[in-house]
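Each chain, letter by letter, is given below.
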Amino acid sequence: MSFTSVPIIDFSLAKDPATKPQFLEDLKHALFTVGFLYLTNHGLETEAKSILDLAPSTFDLPSQETKNSISMVKSGPYFVGYSALGAEFTNKALDFREQYDFGSSETVDPLAESRPDQQWRRLRGPSPYLPDDIVPGFESTVKTYLNGMNNLAEEFLKVVAECLNLPADTLLKYQDDMNRMKIVKYPPPSTAEVKSLNKNDDKTLHNGTAFQGVGPHKDSSNLFTFVLQDHVGGLEVLNSEGKWIPVTPIENSFVVNIAQGFEALTGGRCSATTHQVVVDPSNKETRYSIPYFHGVRLDLTREDIEQQLSDIAGRIPEPQDQKKRAVDVPSEFIQPQYKCFGEAHLRNRIVSHKDVAERWYSELHQKYNNGQLE
Ligand SMILES: O=C(O)CCC(=O)C(=O)O
Ligand SMILES: [Fe+2]
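Residues take numbers from 1 onward in each chain, read along the sequence in its written order. Going through the entries in the order they are written, you letter the chains from A and number the ligands from 1. Per-residue local features of the predicted model are confined to residues with pLDDT of at least 70, and side-chain atom pairs are confined, for both listing and counting, to 80 or more; whole-chain, interface and lining totals are unaffected and use all residues. Only hydrogens and water are removed before side-chain values are computed, so all heavy atoms of the structure are retained for them.

Peer 1: So what about the overall build of the protein chain? Which residues, and what values?
Peer 2: Counting its secondary structure elements, the protein chain contains 11 helices and 14 strands. For the protein chain, the C-alpha radius of gyration of 20 Å lies close to 21 Å, the compact-globule estimate for 374 residues. Once the C-alpha set of the protein chain is aligned to its principal axes, its extents read approximately 55 × 50 × 45 Å. Whether a residue is buried, partly exposed or exposed follows from its accessible area with a 1.4 Å probe, protein chains only, as a fraction of its type maximum: under 20%, in between, or over 50%, in that order. Residues classed as buried in the protein chain amount to 56% of the 374 residues present. Runs of H or I in DSSP of at least four residues are treated as helices and runs of E of at least two as strands, each being numbered from the N terminus. Within these notes, the globule rule equals 2.2 Å times the number of residues to the 0.38 power, and the radius of gyration is based on C-alpha atoms.

Peer 1: Lay out the coordination of the iron ion (ligand 2) in plain terms, naming residues and giving numbers.
Peer 2: Only N, O and S atoms count as donors, using a 2.8 Å limit from the metal and a wider 3.2 Å limit for Na, K and Ca, and since water is excluded some coordination spheres may look unfilled. Around the iron ion (ligand 2), the donor atoms from the protein are H217 (NE2), D219 (OD) and H275 (NE2), and they sit 2.1 to 2.2 Å away. One chain supplies every donor to the iron ion (ligand 2), and in sequence these donors are spaced H-x1-D-x55-H. As far as the burial class goes, H217 and D219 line up, both buried.

Peer 1: Lay out empty space enclosed by the protein in plain terms, naming residues and giving numbers.
Peer 2: Each cavity reported here is a set of points on a 1 Å grid over the protein atoms alone in which a 1.4 Å probe fits but cannot get out, each pocket an open set with protein on both sides within 12 Å along at least five of seven lines, and each lining residue one with an atom within 4 Å of a point. Grid points are joined across faces, edges and corners, and a volume is the space filled by probe spheres set on the points. In the structure shown here, the tally under the stated rule is one cavity of 30 Å³ or more. For the largest cavity, the calculated volume is near 60 Å³. In terms of lining, the largest cavity is formed by L123, R124, D176, M178, R180, S221, G295, V296, L298 and H345. Ten residue types, Ala, Val, Leu, Ile, Met, Phe, Trp, Tyr, Cys and Pro, are classed as nonpolar, four, Asp, Glu, Lys and Arg, as charged, and the remainder, Gly among them, as polar. When grouped by side-chain class, the residues that make up the lining of the largest cavity number four nonpolar, three polar and three charged.

Peer 1: Go over the packing of aromatic side chains with me, naming the residues and quoting the values.
Peer 2: Here the distance between the centres and the angle between the planes together describe a pair of aromatic rings. Between rings of Phe, Tyr and Trp, where Trp is taken as its six-membered ring, a pair exists when centres lie within 6.5 Å; planes separated by under 30 degrees are stacked, by over 60 edge-to-face, and by other angles tilted. Going through the model one piece at a time under the given rule, you end up with 18 aromatic pairs. Considering the side-chain rings of F156 and F224, the 5.2 Å spacing of their centres and the 85 degrees angle between planes classify their relative orientation as edge-to-face. Of this pair, F156 sits in helix α4 (residues 138-163) while F224 sits in strand β9 (residues 222-229); the two residues are 68 residues apart in sequence, bridging distant segments of the chain. The exposure classification of F156 matches that of F224, with both residues buried. Where F333 meets F341, the ring centres are 5.1 Å apart and the plane angle is 55 degrees; that geometry is what we call tilted.

Peer 1: Tell me what's going on with the sheet that holds strand β13 (residues 275-279), and back it up with residues and numbers.
Peer 2: Two strands make a pair as long as DSSP finds a minimum of two bridges between them. Strand order across the open sheet formed by four strands is β8-β13-β10-β11, with antiparallel pairing between neighbours. Two strands in the sheet have a free side with no partner beyond their single neighbour: β8 (211-217) and β11 (244-246). The average angle at which neighbouring strand axes cross in this sheet is 25 degrees, direction not considered. Two strands pair when backbone bridges link them, and β8 and β13 are joined in this way by four bridges, in the antiparallel orientation. Residue pairing in the sheet places Q212 in a bridge with V278 of β13. Helix axes use the C-alpha atoms of the stretch in contact, all axes being lines fitted to C-alpha atoms, and the angles between their N-to-C directions lie in the range 0 to 180 degrees.

Peer 1: Talk me through the confidence of the model for the protein chain; I want residue IDs and the actual numbers.
Peer 2: By definition, pLDDT measures how confident the predictor is in each residue, and it falls between 0 and 100. Overall, the predicted model of the protein chain reaches an average pLDDT of 91, with 93% of residues at or above 70. ipTM for the predicted complex: 0.99, alongside a pTM of 0.94.

Peer 1: Could you give me a rundown of the pairing of strand β6 (residues 98-103), with the residues and numbers involved?
Peer 2: Each regular strand displays side chains that alternate between the two surfaces of the sheet. Burial runs high along β6: six of the six residues are buried. Residues E98, Y100 and F102 of β6 are buried on one face, and the alternating residues Q99, D101 and G103, pointing to the opposite face, are buried as well. The sheet contact formed by strand β3 (residues 81-83) and β6 spans three bridges and is antiparallel. In the sheet register, G81 faces β6, and the bridge partner there is D101.

Peer 1: A description of the sheet that holds strand β2 (residues 36-40) should follow, citing residues and the corresponding values.
Peer 2: Taken together, eight strands build an open sheet; the order of strands is β1-β2-β12-β9-β14-β7-β6-β3 and the sheet is mixed. Edge positions in the sheet fall to β1 (8-10) and β3, since each of these pairs with one other strand and no more. On average, each strand axis in the sheet is inclined to that of its neighbour by 25 degrees, with strand direction left out of account. Examined bridge by bridge, β9 and strand β14 (residues 287-295) share seven bridges and lie antiparallel to one another. Bridged to F226 within β14 is Y292.

See below:
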């Protein structure tokens, strides 16, 4: 069976006992057969509007220095803060976007400095914000959004467990306390600009008619991703047939993608959603999006998964996605060289943000970016 559209899941139907059984069936189909969905009537419409309204003002500042004052490379080893256009790589090619990354933790991991063998502990830490006299409401709007999304994602994890006939709290113990989110801007590029950014490769998309906003990837820090997008479009997901499906914006919805944390909890049976953003150079509109990444415990090991969740995999329908897997990008954690989820996630950050890696993780930067392991 081939899927050419993305299912719409109305979250309000989970609240009424009369509609819940059908809701759980529909959710199960969307997650385990299709692999992605739109979530509507989620209750966070006000917070979503506030953050989307704020987005342009966070980039549209009189000087680049203001944004660079909270740059990711200056902000510590946590991969939070501002990244300028052309600072990030996905699938070995440069992305064409500008963004702010944030995390929900205000504190560092108490073991971060005493466990040099566990560098992934250094991923947790506070986020920088521009002051209110530069972008009014920046910090408070982001924190309100992070908090609201955390609560929504917990409710979502409960219904995911229930649709597998598991107790509602089954997945809650795999959450982490560093959820992440971003405010992303995809400006309309001139052809010359994109050509110069990608001059060392031929990573143009759709046979050269579109460019890489962000390249094909699976999200690596989390269980599920909830993408809030404006009206412009450009997000695409890879379906089970290995074809790219446009995720046309639907107002007041989130696009929910399965991330590598949930894929790991299912023993790889439920594959993470592969997605990309394409930028059409003939479209002169700027696109803004706000992805929220609901964190997975970074100390999660393969053994934990095998021991505690042998129960889950059998409840998931047999995947029919051989064609997707044939053209897919790799899932880091499925590869045996990583001791725990945090290690695999850190490697992903290091190959995406090379400047941050060079400054804060020089040994791992040498190892992952300059040769040895892929
Ligand atoms: O901008 C989007 O719609 C998605 C961005 C994304 O996939 C990511 O940043 O991981
Ligand atoms: Fe993503």
